[in-house]
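In case you want the letters, here they are:
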Amino acid sequence: MALPGAYAQYNNSKILTASPAELTLMLYDGAIKFCNIAILAVEQKDIEKAHTHITKTERIIDYFRQTLDMNYPVAEDFDRVYSYLSKRLVEANLKKDKEILEEVNLHLHSMRDTWKEVMKQNKQ
């Protein structure tokens, strides 16, 4: 069946042609998706799956931290937020705590929505 290959090719093309702003949005969406999966895994007591998806969320947050341009004062604010989220994700992973994951997810949604608004305003 050629469908899975076509879908993968489409996704690869989507990533390769995306602007830096669109890639950032995709990363936020990915972090939210992985966090949602981790929440479900915690609810289902699937420890391995929860760990895997919390770790994936952590990697995206770490990437955001590593790519901050510290020449801009706002980068320090983002660094503090990302640092906080990283610490909460470690705690959530140790405890397999759904409430912490929901808190992180709330922050991720807020940051993603803000980013979408910035993208929208920059188009105008």
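1. Structural notes on the packing of helix α4 (residues 74-95) against helix α5 (residues 98-123)
Phase 1: Contact geometry of α4 with α5 gives a least axis separation of 9 Å together with a crossing angle of 155°. Taken together, the axis directions place α4 and α5 in an arrangement best described as roughly antiparallel. Where α4 crosses over α5, the two elements pack in a sense that is left-handed. Taken together, the residues of α5 that come into contact with α4 (itself represented by F78, V81, Y82, Y84, L85, R88, L89, E91 and A92) are I100, L101, E103, V104, H107, L108 and M111.
Phase 2: Looking at the contact of α4 with α5, its residues break down into 12 nonpolar, one polar and three charged.

2. Notes on α5
For an α-helix the count is 3.6 residues per turn, leaving residues at separations of three or four pointing the same way.
Phase 1: Spanning 26 residues, α5 covers 37 Å between terminal C-alpha atoms, matching the ideal 38 Å at 1.5 Å per step.
Phase 2: Restricting attention to buried positions, one finds in α5 the residues I100, L101, V104, N105, L108, M111, R112 and M119.
Phase 3: In this structure, the buried residues of α5 make contact with α2 (20-43), α3 (47-66) and α4.
Phase 4: For α5, the N-terminal cap is D97; the gap from its side-chain oxygen to the backbone nitrogen of E99 is 2.9 Å.

Rules used in this analysis
- Residues numbered from 1 in each chain as written.
- Predicted model: local features only at pLDDT ≥ 70, side-chain atom pairs only at ≥ 80, totals over all residues.
- Heavy atoms only, no water.
- Axes fitted to C-alpha atoms, helices over the stretch in contact; angles between N-to-C directions.
- Helix = DSSP H or I, 4+ residues; strand = E, 2+ residues; numbered from the N terminus.
- Parallel < 35°, antiparallel > 145°, perpendicular 65-115°, else oblique.
- Left-handed = near helix turned anticlockwise from the far one by under 90°.
- Contact = heavy atoms within 4.5 Å.
- Nonpolar A, V, L, I, M, F, W, Y, C, P; charged D, E, K, R; others polar.
- Expected span 1.5 Å × (residues − 1).
- Buried < 20%, exposed > 50% of the residue type's maximum accessible area, 1.4 Å probe, protein only.
- Polar contact = N/O pair within 3.5 Å; in protein donor to acceptor, adjacent residues only side chain to side chain.

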